[in-house]
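For reference, the chains in residue letters:
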There are 2 protein chains.
Amino acid sequence: MTAPLIRTQGVTAPAGFRAAGIAAGIKASGALDLALVLNEGPDHTAAGVFTRNQVQAAPVLWSRQVLTTGRLRAVVLNSGGANACTGPLGFQDTHATAEAVAAALSDWGSETGAIEVAVCSTGLIGDRLPMDRVLGGVTEVVQEMAGGLSGGEEAARAIMTTDTVPKQVALHHPDNWTVGGMAKGAGMMAPSLATMLCVLTTDAVASAEALDTALRRAATRTFDRLDIDGSCSTNDTVLLLASGASEITPTQEALDEAVLRVCDDLCAQLQADAEGVTKRIAITVSGAPTEDDALGAARLLARDSLVKTALFGSDPNWGRVLAAVGMVPFTIDPNRITVSFNGSPTFANGAGAPGAREVDLTGPDIEVSVDLGLGTGRATVRTTDLSHAYVEENSAYSS
Amino acid sequence: MTAPLIRTQGVTAPAGFRAAGIAAGIKASGALDLALVLNEGPDHTAAGVFTRNQVQAAPVLWSRQVLTTGRLRAVVLNSGGANACTGPLGFQDTHATAEAVAAALSDWGSETGAIEVAVCSTGLIGDRLPMDRVLGGVTEVVQEMAGGLSGGEEAARAIMTTDTVPKQVALHHPDNWTVGGMAKGAGMMAPSLATMLCVLTTDAVASAEALDTALRRAATRTFDRLDIDGSCSTNDTVLLLASGASEITPTQEALDEAVLRVCDDLCAQLQADAEGVTKRIAITVSGAPTEDDALGAARLLARDSLVKTALFGSDPNWGRVLAAVGMVPFTIDPNRITVSFNGSPTFANGAGAPGAREVDLTGPDIEVSVDLGLGTGRATVRTTDLSHAYVEENSAYSS
């Protein structure tokens, strides 16, 4: 399958979906802050994956619950506040938001129950949402959505926090079905600030089980392997909704691959717009006993402050890479390790390679490769450098 | 025991020890870079703890080996190069250094074998040491040491890398025995840049086993709980040498406590001089199922970039603390957690406390307390903030 990825389209690229994004006044700046994605069917199957953090925001608790049905008609998303660590009242706010969306959609003619509405929130942890504005916004965003067939980009803009650009993509399969998606934030399972939210849509005919399989397979290889700063959000959510409007039922394999490609592209967009990024870094560990071992080692490197600051300084400091790798929880032999930057070996056979300090890392993309020389396990983690801008952005976020 | 800690004294405070520090030309800057500590006896018992990193520098491999005898006459330490990841030739360099020290000391009249000489190195990973300068320096540092009884401060200065001040301390026990020490760097087991090196001396009479017990107990509660950036060095070494010159045999309990107090004070000095530090942060987790659980949770917080950047910004961002705690590998209940900054509760009973955003963290010392409300496990980890200076210092280290 070589269908192109089109970044000017998103969640409304597949047939059967509408979306909208408005400024509800949740953000003090007056920017877009409330988004709605509606699945007009005929099918309403859905799947979701959520943060592994034990501290989970109210909207995660809610959406996880409604997803147990394998059905969704709508997703409402707000930026400007995470509604996390807000106690029982925060959960009531999420519930009230879902009820309001269901009522507004039903009034408009699309009969919907609150149990069919997922809720996602992103922003500062700990504050209650301004519910008068959220509920007023819900009415408005449904009206806005009713006005036209495509508000996908506005929806993608309305979920941005420190993102500088909206992230969306669509893949039109040659067999006449489509997968689209939008995302914000910078990670999943170990994401960056605030939250990674992603809504994927498809007009394929697919059961909730097929969607769940495709989504988990894709998330494991994409969002799970994007690690900006090792911090895991309370709000991370990735949802996949199918309308069946194409009347095409792809094979599981075809669905898996299309969802994987869309997720992979959204990941690349998240990485490129991560907080304070000046370098896009791909860390590949090969020669590990297992793929899990390789992933663990790559993640360790992606989280190492000394490796990340060195790469910010365009410094091929392979010593720090070795020191970080030395902390993996399985047995390694330093003499079998090869460390390369952008394809140039800098350490091999137990010692530094000639010219290792002169490898040019001044470009915006850096590949770090570590071959452990032990087995066939291999994994790549995407990350970014640790820059002044990262410190700046994160030292003044709540003030 | 309320014996005062005296920071103007170090490894030569106990009877039976000499030390010296010289500029051997290993550092391009011409600063002091070679130190020697000699135990003149009558006893020569010793113990050591080393990095847990699987990538270990040549001097760690060497010193670990010689320590199996439980005896040391001398420690030679250099800054200006870690001699890590330098292969078999690097190990030969360490061996040659120990041989040179043994020969020079024997010439001077203190009969010494290479097997009685520990070697410590610190600096950039990956480069061979300039052995002509190291070996020339060994002759010179023995001469320097022979000239006077106290070169403790010069020795402490000669092991500095990015340290801005030498770190030493001595404790004179009321029963007429003394523990002294010097250190450089910023951590152990999970230390900051390059290396944490520490040499402790005592004139107490103590077996190698007693020293080992005291050192491990102290390191576990001090250096093991100093975590600047989660990165673990290839060279970390803490050595404890006993001369027996006081002719006093303290109880194990008294020895444990004196060594603990000296290590604790050196830790405080290391924290205060850590790279890029603008805040000295103590993170205490209580109410955990076990002490190990508490320590793991505190370490997770100490390594969280979002927590550390928030504290750099004097921001009482308890949401990030909760999000980080949510990743502990044991089951927690967010509703039972209390988060406090400098004694002011900011999150309790599942929601933010009134005034939580106004807690004043503008001072240089910050206490973060997290009570998990589960059990009696409690531990404190010392760390620092993640500042612009940290990024600056570490993005240009090898260049």
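Bear in mind that the values here come from a model prediction, so they are computed numbers and not experimental data.

Rules and cut-offs
- Residues numbered from 1 in each chain as written.
- Chains lettered and ligands numbered in written order.
- Predicted model: local features only at pLDDT ≥ 70, side-chain atom pairs only at ≥ 80, totals over all residues.
- Heavy atoms only, no water.
- Core = buried A, V, L, I, M, F, W, Y, C linked by side-chain atoms within 4.5 Å.
- Buried < 20%, exposed > 50% of the residue type's maximum accessible area, 1.4 Å probe, protein only.
- Contact = heavy atoms within 4.5 Å.
- Helix = DSSP H or I, 4+ residues; strand = E, 2+ residues; numbered from the N terminus.
- Polar contact = N/O pair within 3.5 Å; in protein donor to acceptor, adjacent residues only side chain to side chain.
- Pairing = 2+ DSSP bridges.
- Axes fitted to C-alpha atoms, helices over the stretch in contact; angles between N-to-C directions.
- UniProt positions renumbered as here; feature names shortened; annotations may be inferred.
- Least-squares fit on C-alpha atoms with pLDDT ≥ 70 in both.
- Domains from an automatic or database assignment.
- Buried area = accessible area lost by both parts, 1.4 Å probe.
- Salt bridge = Lys/Arg side-chain N within 4 Å of Asp/Glu carboxyl O.
- Parallel < 35°, antiparallel > 145°, perpendicular 65-115°, else oblique.
- Nonpolar A, V, L, I, M, F, W, Y, C, P; charged D, E, K, R; others polar.
- Expected span 1.5 Å × (residues − 1).
- Left-handed = near helix turned anticlockwise from the far one by under 90°.

## Notes on the nonpolar core
Moving on, step 1. One finds Leu36, Val37, Leu72, Val75, Leu77, Met182 and Leu239 of chain B to be the most contacted residues of the largest nonpolar core, which totals 50 residues.
Moving on, step 2. Those residues in contact with Val75 of chain B that sit more than four places away from it in its chain are Ala35, Leu36, Val37, Ala118, Cys120, Val199, Leu239 and Leu241 of chain B.
Moving on, step 3. Within the second largest apolar cluster, 49 residues are counted, among which are Val37, Val134, Ala155 and Met182 of chain A.

## Topic: unusual backbone geometry
Moving on, step 1. For the peptide bond that leads from Gly41 of chain A to Pro42 of chain A, omega is 20°, which places it in the cis range.
Moving on, step 2. If you trace the backbone, Pro42 of chain A turns up in the loop between β3 (34–39) and β4 (45–50).
Moving on, step 3. The phi dihedral of Asn176 of chain A is positive, around 70°, even though this residue is not glycine.
Moving on, step 4. Judged by its relative accessible area of 61%, Asn176 of chain A is exposed.
Moving on, step 5. Of note, the phi angle at Asn342 of chain B is positive, near 50°, even though the residue is not glycine.
Moving on, step 6. Within the element layout of this structure, Asn342 of chain B appears in the loop between β12 (338–341) and β13 (344–348).
Moving on, step 7. Classification of Asn342 of chain B as partly exposed rests on a relative accessible area of 34%.

## A closer look at the side chain of Ser243 of chain A
Residues and elements named next belong to chain A.
Moving on, step 1. Mapping Ser243 onto the fold places it in the loop between β10 (237–242) and α6 (252–272).
Moving on, step 2. At 2.7 Å, the side chain of Ser243 forms a polar contact with the backbone oxygen of Ala15.
Moving on, step 3. Those residues within four positions of Ser243 in sequence are excluded, and the remaining contacts are Ala15, Gly16, Phe17, Asn39, Gly41, Pro42, Asp43, Thr202, Asp203 and Ala204.

## What about the sheet that holds strand β13 (residues 344–348) of chain A?
Residue and element names in this part refer to chain A.
Moving on, step 1. On the basis of which strands lie adjacent, the open sheet formed by six strands has the order β14-β13-β12-β15-β11-β16 and mixed pairing. In the strand order of this sheet, the two ends are held by β14 (351–352) and β16 (377–384), each with one partner.
Moving on, step 2. Relative to β14, β13 runs antiparallel, the two being bridged by two bridges. Opposite Ala348, over in β14, you have Ala351 as the bridge partner.
Moving on, step 3. Packing of helix α9 (residues 318–325) onto the sheet brings it into contact with β12 (338–341), β13, β14 and β15 (365–371), and relative to β12 it is tilted by some 135°.

## Here we look at the UniProt feature "binding site: substrate" (unreviewed entry) in chain A
All names here are of chain A.
Moving on, step 1. When the UniProt feature table is mapped to this numbering, "binding site: substrate" (unreviewed entry) covers Thr161, Lys184, Thr195, Glu275, Asn394 and Ser399.
Moving on, step 2. Its location among the elements puts Thr161 in the loop between α4 (152–158) and β7 (167–173).
Moving on, step 3. Residues contacting Thr161, with those up to four places away along its chain left out, are Ser79, Thr122, Gly123 and Lys184.

## Section: the sheet that holds strand β6 (residues 117–121) of chain B
All names here are of chain B.
Moving on, step 1. Strand order in the open sheet formed by four strands is β2-β3-β5-β6, and the pairing between neighbours is mixed. Edge positions in the sheet fall to β2 (17–22) and β6, since each has one partner strand and no second. Averaged over all pairs of adjacent strands, the angle between their axes in this sheet comes to 10°, without regard to strand direction.
Moving on, step 2. Bridge count for strand β3 (residues 34–39) against strand β5 (residues 74–78) is five bridges, and the pairing is antiparallel. Of the residues in β5, the one forming a bridge with Leu34 is Asn78.
Moving on, step 3. Here helix α3 (residues 131–146) sits on the sheet in contact with β2 and β3, set at roughly 130° to β2.

## Overview of the relation of the copies chain B and chain A
Moving on, step 1. Note on the copies: chain B fits chain A at an RMSD of 0.0 Å, the axial shift is 0.0 Å, and the rotation between them is 180°. The transformation just described matches what one would write down for a two-fold rotation axis. The rotation axis passes nearest to the C-alpha of His388 of chain B in chain B, at a distance of 2.8 Å.
Moving on, step 2. A share of 100% of the interface residues of chain B reappears at the interface of chain A, consistent with the copies meeting face to face through the same patch.

## Notes on the domain arrangement of chain A
Residues and elements named next belong to chain A.
Moving on, step 1. Once the domains are mapped, chain A shows domain 1 (5–272) and domain 2 (280–395).
Moving on, step 2. Of note, the centres of domain 1 and domain 2, computed from C-alpha atoms alone, are 33 Å apart.
Moving on, step 3. Together, the buried faces of domain 1 and domain 2 total about 1,400 Å²; carbon and sulfur atoms form 40% of this surface.
Moving on, step 4. On the surface where domain 1 and domain 2 come into contact, there are five salt bridges.
Moving on, step 5. In this structure, the salt-bridge partner of Arg382 is Asp264, at a minimum N-O distance of 3.2 Å.
Moving on, step 6. On the surface where domain 1 and domain 2 come into contact, there are ten residue pairs in polar contact (both at pLDDT 80 or more).

## Re the packing of helix α10 (residues 388–395) of chain A against helix α8 (residues 305–312) of chain B
Moving on, step 1. Viewed as axis vectors pointing N to C, α10 of chain A and α8 of chain B meet at an angle of 70°, and their least axial separation amounts to 8 Å. Overall, the two elements α10 of chain A and α8 of chain B adopt an arrangement that is roughly perpendicular. For the pair α10 of chain A and α8 of chain B, the contacting residues are Tyr390, Val391, Asn394 and Ser395 of chain A in the first and Ser305, Leu306, Thr309, Ala310 and Phe312 of chain B in the second.
Moving on, step 2. The residue inventory of the contact of α10 of chain A with α8 of chain B, partitioned by class, reads five nonpolar, four polar and no charged.

## Considering the interface of chain B and chain A
Moving on, step 1. Listed as interface residues are 54 residues of chain B and, on the opposing side, 54 residues of chain A.
Moving on, step 2. Between chain B and chain A, a total of about 4,100 Å² is buried, with carbon and sulfur atoms accounting for 56% of that surface.
Moving on, step 3. Here chain B and chain A share two salt bridges between them.
Moving on, step 4. Note that Asp127 of chain A and Arg357 of chain B form a salt bridge whose closest N and O atoms lie 3.3 Å from each other.
Moving on, step 5. At the boundary of chain B and chain A, one finds 19 residue pairs in polar contact (both at pLDDT 80 or more).
Moving on, step 6. Contributions of two or more residues to the side of chain B that touches chain A are made by α8, α9 (318–325), β14 (351–352) and α10 (388–395) of chain B.
Moving on, step 7. Taken together, the residues of the side of chain B that touches chain A break down into 24 nonpolar, 22 polar and eight charged.

## Points about the pattern of salt bridges
Moving on, step 1. Inspection of every chain in the model, using the stated rule, returns 34 salt bridges over all chains.
Moving on, step 2. One salt bridge in this structure joins Arg128 of chain A and Asp93 of chain A, with 2.8 Å as the shortest N-O distance. In this pair, Arg128 of chain A sits in the loop between β6 (117–121) and α3 (131–146) while Asp93 of chain A sits in helix α2 (residues 87–108), placing the two residues 35 residues apart along the sequence.
Moving on, step 3. On the basis of relative accessible area, Asp93 of chain A is assigned to the buried category, the value being 7%.
Moving on, step 4. Here Asp256 of chain B and Arg217 of chain B are joined by a salt bridge, their closest N and O atoms 2.4 Å apart. Taken together, the positions of Asp256 of chain B in helix α6 (residues 252–272) and Arg217 of chain B in helix α5 (residues 208–221) put the pair 39 residues apart, joining distant regions of the chain.
Moving on, step 5. Because the salt bridges share partners, they merge into one network encompassing Arg71, Arg73 and Glu116 of chain A.

## Observations concerning α2 of chain A
Residues and elements named next belong to chain A.
Moving on, step 1. Given a rise of 1.5 Å per residue, 22 residues ought to cover 32 Å, and the 32 Å separating the end C-alpha atoms of α2 matches this to within 8%.
Moving on, step 2. Residues of α2 that are buried: Gly90, Asp93, Thr94, Thr97, Ala98, Val101, Ala102, Ala104, Leu105 and Ser106.
Moving on, step 3. Where α2 is buried, its residues touch β3, α1 (58–67), β5 (74–78), β6 and α3.
Moving on, step 4. Downstream of α2 by a residue or two, Gly109 has a phi angle that is positive, lying close to 115°.

## Focus on the packing of α2 of chain A against α3 of chain A
All names here are of chain A.
Moving on, step 1. Two elements in contact, α2 and α3, have axes whose closest approach is 10 Å; the angle formed by their N-to-C orientations is 30°. Taken together, the axis directions place α2 and α3 in an arrangement best described as roughly parallel. Relative to α3, α2 is oriented so that their crossing is right-handed. Two secondary-structure elements touch here, α2 through Asp93, Ala96, Thr97, Ala100, Val101, Ala104, Leu105 and Trp108 and α3 through Met131, Val134, Leu135, Val138, Val142, Met145 and Ala146.
Moving on, step 2. The residue makeup of the contact of α2 with α3, split by class, is 13 nonpolar, one polar and one charged.

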